[in-house]
Amino acid sequence: MNDTVAGTQGYGADADALAEQYESVTFEEVHGGLLHLYPTTPVRALDLGAGTGRDAAALARLGHTVTAVEPTRELRLRGQRLHPEPALTWVDDALPDVPVLTERGEQFGLILITAVWMHLDATERARGMRAVATLLAPGGILAMTVRSGPVPPGRRMFDVPEAETVALAEEAGLRVAHRGGRVDLHGRPGVRWSELVFIRP
């Protein structure tokens, strides 16, 4: 699917370096400030734009039944090799419309969108939030980590105002549970991350 998905440019070609980068930090380091908001009892979880599956595998080890969505074939194949957890299923699908899962009518108690949202333009973000809200079960948690700062060469990224993301989520019927941020774990100059958590009432 990656040839037709906006925002995945360069990811297939750089898959080896990206896999090493992704796996060099832990799920706990990336999500540490948000973990207290995640479900503590097993749920169906979705990692949208799972990369090499670091977070999806961690969720599976915590007892969740996890779907890892990754449109870039090269990353998806590496993830399947690196993280063969039996409770982890890989799907070739993508934002903004997530057509495969949407057509199945699936819903999830936890959805992660980590380092993905800034690859979508404004129109795609509006479509994407509506699709994600449909995939979120009542009482479910949506956790988003969004990058800001310099755009790496060969990448498609946009500056995403936090207020816009909040407004889109609220329009889609979600409620803000957390707003925060953190520094870049790889120490890249000028790069920061906003952290947003929403709940579907």
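A few points on the structure. A quick note: this is a predicted structure, and the numbers were derived from the prediction, not measured. (Residues numbered from 1 in each chain as written. Predicted model: local features only at pLDDT ≥ 70, side-chain atom pairs only at ≥ 80, totals over all residues. Heavy atoms only, no water.)

A few words on the pairing of strand S5 (residues 136-148). By the criterion of burial, S5 is predominantly enclosed, with ten of the 13 residues buried. With six bridges connecting them, strand S4 (residues 108-114) and S5 associate as parallel partners. Within S5, the position partnered with Ile111 by the bridge is Leu142. Note on the crossover from S4 through helix H6 (residues 122-135) to S5: the handedness is right-handed. Relative to strand S7 (residues 192-199), S5 is paired through eight bridges, and the arrangement is antiparallel. (Buried < 20%, exposed > 50% of the residue type's maximum accessible area, 1.4 Å probe, protein only. Helix = DSSP H or I, 4+ residues; strand = E, 2+ residues; numbered from the N terminus. Pairing = 2+ DSSP bridges. Right-handed = clockwise from strand over helix to strand, strands pointing away.)

Counting 33 residues, the largest nonpolar core has Leu48, Leu95, Ile111, Ile113, Trp117 and Leu142 as its most contacted members. Of all the secondary structure elements, the ones that give two or more residues to this core are strand S1 (44-48), S4, H6, S5, helix H7 (162-171) and S7. Tallying contributions element by element places H6 first for this core, with five residues. Every residue in contact with Leu48, bar those within four places of it in the chain, is listed here: Val69, Leu95, Val98, Ile111, Leu112, Ile113, Thr114, Val116 and Val132. The next biggest cluster of nonpolar side chains, apart from the first, holds 20 residues, and it includes Leu59, Leu88, Leu110 and Leu112. (Core = buried A, V, L, I, M, F, W, Y, C linked by side-chain atoms within 4.5 Å. Contact = heavy atoms within 4.5 Å.)

Below, the discussion takes up the sheet that holds strand S2 (residues 65-69). Read across the open sheet, the seven strands follow the order S3-S2-S1-S4-S5-S7-S6; overall the sheet is mixed. The sheet is open, and its two edges are formed by strand S3 (88-91) and strand S6 (175-183), each paired on a single side. Along the sheet, successive strands turn relative to each other by an average axial angle of 15°, direction set aside. (Axes fitted to C-alpha atoms, helices over the stretch in contact; angles between N-to-C directions.)

What follows deals with the pattern of salt bridges. Taken as a whole and assessed by the stated rule, the structure comprises eleven salt bridges. Linking Arg104 and Glu106 is a salt bridge whose minimum nitrogen-to-oxygen distance equals 3.0 Å. Residue Glu106 is classed as buried on the basis of its relative accessible area, which comes to 14%. One salt bridge connects Arg182 with Glu195, and the closest N-O pair in it is separated by 3.5 Å. With Arg182 in strand S6 and Glu195 in strand S7, this residue pair connects regions lying 13 residues apart in the sequence. Given the relative accessible area of 14%, Arg182 is considered buried. Via salt bridges that share partners, Arg44, Arg104 and Glu106 belong to a single interconnected network. (Salt bridge = Lys/Arg side-chain N within 4 Å of Asp/Glu carboxyl O.)

It is worth spelling out the side chain of His64 at this point. Within the secondary structure, His64 sits in the loop between helix H3 (54-61) and S2. We classify His64 as buried; its relative accessible area is 3%. At a separation of 3.1 Å, a polar atom in the side chain of His64 contacts the main-chain amide nitrogen of Val43. Setting aside residues up to four positions removed in sequence, His64 forms contacts with Pro39, Thr41, Pro42, Val43, Ala45, Leu59 and Ala87. (Polar contact = N/O pair within 3.5 Å; in protein donor to acceptor, adjacent residues only side chain to side chain.)

Structurally, Arg130 can be placed in helix H6. Remark: the alpha-carbon pair of Arg130 and Asp97, spanning 33 residues in sequence, is separated by 8.3 Å.

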